[in-house]
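Single-letter residue listing:
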Amino acid sequence: MRIVIIGNGVAATTAAATIRHYDTESSLTMLSDEGTPFYSRPRLIEYLAGTASFEKIVIRDSAWYEKNKITLLRDAKVDRVNPARHEVIGNFGTITYDALLIASGAAPALPAFFVPGLEGVFTLRTKSDADAIIAEAARVKSAIVIGGGLLGIETANALAGRGLVPTVVEYFDRLLPRQLDAEAAAILQSMLEAKGLRILLGKTTISIARESGEVAVRFADGSSLSAGMAIVSAGVRPTTAFLRKAGIVLGKGIIVDERMHTSAPDIFAAGDCAEFKGILYGIWTAAKEQGEVAGRAITGQTVEYRGSLMSARLKVAGIEVASMGDIALTANTRVESARDDSSFKKLFFENNRLKGAILIGVAVADQFKLQREMELPTPH
Ligand SMILES: Cc1cc2nc3c(=O)[nH]c(=O)nc-3n(C[C@H](O)[C@H](O)[C@H](O)COP(=O)(O)OP(=O)(O)OC[C@H]3O[C@@H](n4cnc5c(N)ncnc54)[C@H](O)[C@@H]3O)c2cc1C
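Reference entry: report on the structure contained in this document.

**Focus: the sheet that holds strand β24 (residues 319–325)**
- On the basis of which strands lie adjacent, the open sheet formed by five strands has the order β23-β24-β27-β26-β25 and antiparallel pairing. Two strands in the sheet have a free side with no partner beyond their single neighbour: β23 (311–316) and β25 (333–340). Between one strand axis and the next, the sheet turns through 10 degrees on average, direction left out of account.
- Across five bridges, β24 lies against strand β27 (residues 353–361) in antiparallel orientation. Each bridged residue has a counterpart across the sheet, and for M324 the counterpart in β27 is A357.

This is the structure we're talking about:
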């Protein structure tokens, strides 16, 4: 069998390792439009901060691909997939598959105000994005990070580590709007501000322009802010543009079933590009779990994906925050919370079952115990 995987991230490499666990004979080709071996995307933050070299964040070196008889084509960009002819077409030519896994991940969302190519404005997803930010950071003294989510806060902190003065601007009236409630967000904000981070909330960015050698950001309330550089961190979008004419059913991402199978014969999808039961997870653990399910399905094993637990962890400037599960308040939600000087814990129950948690400070030590209590739906 000829197995082709588009991608070389955690979903793709987990699938490849799983495939090799069950099948040592099939040919296995991985295609990545990045020029790197598999590295930890979350640890790009350490690379950006200058606290880890690139070698330190590489997870699979060339020896791993060789040992597992995997052909990795780097700088190989897929332009289209032809499901009828079982072909993948790109700058490497045409490759025919018997089974195809699409693990193309996601790319930074580009809001309407984003001006492609504007000097001094960046997004962060890949090593080459980080390299471009590092080069600019050496030339300027301040930065505006648009987006007060996990990535925005971590990016601002990394730039502070390089000696820049960063300001985080957030559209919502609180930080981490997807992971924290108002009370927890206020605690995090005061902790970050105490460490010197500037934070502006409730700011709708309407334009970015280059003015007097700086990046000028204007907001809907008439105010504006200038800095040496800006990083736009406004979420991610699944990478699916190369499938536009493939006829595979797309929603927000590539729609998959419990075996990570798409609507097209012999084509699977996993990770940030995949949408399962209306959910785009966008997190490392889910991409890994989906990659494993896809690998098992491709090799004909019995497997059923039931979803992953949403979880997020922030660790910056000695501050730790974890959020997991479902923290939405419904008429049936019971909340228990405890707070002291070093710790904040809020647990969300429904029908007497723990469904979500927010932890700050010392309480983060309970994260994995609580995750187990939530009876995680794990791949089977
Ligand atoms: C800086 C940063 C920090 C993060 N921190 C965290 C964290 O703390 N916790 C957490 O859970 N998640 C975090 N994430 C998100 C996490 O990294 C992703 O959820 C995860 O990497 C998704 O893995 P993936 O394999 O689905 O996709 P990706 O890692 O995006 O891999 C996609 C692959 O597809 C390839 N590709 C895409 N299009 C094409 C094409 N047309 N042709 C060929 N190849 C293509 C790419 O080259 C890449 O190899 C972070 C992300 C970033 C950027």
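What follows picks up the thread again.
**A word on the pattern of salt bridges**
- In the structure shown here, the tally under the stated rule is 19 salt bridges.
- Ionic pairing is found between R85 and E87, a salt bridge with its closest N-O pair at 3.3 Å.
- Here R85 falls in the exposed class, since its relative accessible area comes to 55%.
- What makes E87 buried here is its relative accessible area of 15%.
- Three or more residues joined by partner-sharing salt bridges are found here, namely D181, E183 and K346.

**As for the environment of L359**
- Inspection of the secondary structure assignment puts L359 in strand β27.
- Residues L359 and Q301 lie 58 residues apart in sequence; the distance between their C-alpha atoms is 38 Å.
- Setting aside its immediate chain neighbours within four residues, L359 contacts E320, V321, A322, M324, F344, K345, V364, D366, Q367 and L370.

**As for the site of the ligand**
- Residues in contact with the ligand amount to 30 residues; listed here are only the nearest, D33, R41, V78, R125 and D272.
- For the ligand, an oxygen atom lies 3.1 Å from a polar atom in the side chain of S32.
- Contacts to the ligand include G282, whose backbone N or O atom sits 3.4 Å from an oxygen atom.
- For the ligand, whose accessible area on its own is 1,000 Å², the fraction buried by protein is 90%.

**Points about helix α8 (residues 284–298)**
- Helix length check: α8 (15 residues) gives 21 Å between terminal C-alpha atoms against 21 Å at 1.5 Å per residue, within 8%.
- Here the buried face of α8 lies against β1 (2–6), α1 (10–22), β9 (99–102), β21 (267–269) and β22 (274–276).
- Positioned one or two residues after α8, G300 has a phi angle of 85 degrees, which is positive.

**Considering the pairing of strand β5 (residues 70–73)**
- Side-chain alternation along β5 places I70 and L72 on a buried face and T71 and L73 on a face that remains uncovered.
- Bridge count between strand β2 (residues 27–31) and β5: four bridges; the pairing is parallel. The residue of β5 that forms the bridge with M30 is L72.

**Details of the nonpolar core**
- Within the largest apolar cluster, 54 residues are counted, with the highest numbers of intra-cluster contacts made by I5, I6, V81, L100, L101 and I102.
- For L101, the contacting residues outside a window of four places in its chain are V4, I5, I6, A15, F268, A269, A270, A294 and I298.
- Core analysis: the next-biggest nonpolar cluster, separate from the first, contains 44 residues, L124, A156, L164 and A185 among them.

**What to know about the pairing of β1**
- The element β1 is extensively covered by neighbouring structure, given that four of its five residues are classed as buried.
- Bridge count for β1 against β2 is five bridges, and the pairing is parallel. Bridge pairing links I5 to M30 in β2.
- Pairing of β1 with β9 involves four bridges; the strand directions are parallel. From the neighbouring strand, I3 faces β9, where its bridge partner is A99.

**Side note on the sheet that holds β2**
- Strand order in the open sheet made by the five strands is β5-β2-β1-β9-β21, with parallel pairing throughout. Only two strands of the sheet have a single neighbouring strand rather than two, namely β5 and β21. Sheet twist, expressed as the average angle between the axes of neighbouring strands with direction ignored, equals 20 degrees.
- Packed onto the sheet, α1 meets β1, β2, β5 and β9 and runs at close to 175 degrees relative to β2.
- Seen against the sheet, α8 touches β1, β9 and β21 and runs at an angle of roughly 175 degrees to β9.

How each quantity is defined
Residues numbered from 1 in each chain as written. Predicted model: local features only at pLDDT ≥ 70, side-chain atom pairs only at ≥ 80, totals over all residues. Heavy atoms only, no water. Pairing = 2+ DSSP bridges. Helix = DSSP H or I, 4+ residues; strand = E, 2+ residues; numbered from the N terminus. Axes fitted to C-alpha atoms, helices over the stretch in contact; angles between N-to-C directions. Salt bridge = Lys/Arg side-chain N within 4 Å of Asp/Glu carboxyl O. Buried < 20%, exposed > 50% of the residue type's maximum accessible area, 1.4 Å probe, protein only. Contact = heavy atoms within 4.5 Å. Near = heavy atom within 4 Å. Polar contact = N/O pair within 3.5 Å; in protein donor to acceptor, adjacent residues only side chain to side chain. Areas by Shrake-Rupley, 256 points an atom, 1.4 Å probe, with all protein chains shown as cover. Expected span 1.5 Å × (residues − 1). Core = buried A, V, L, I, M, F, W, Y, C linked by side-chain atoms within 4.5 Å.

Shape is all these values report; function is a separate question.
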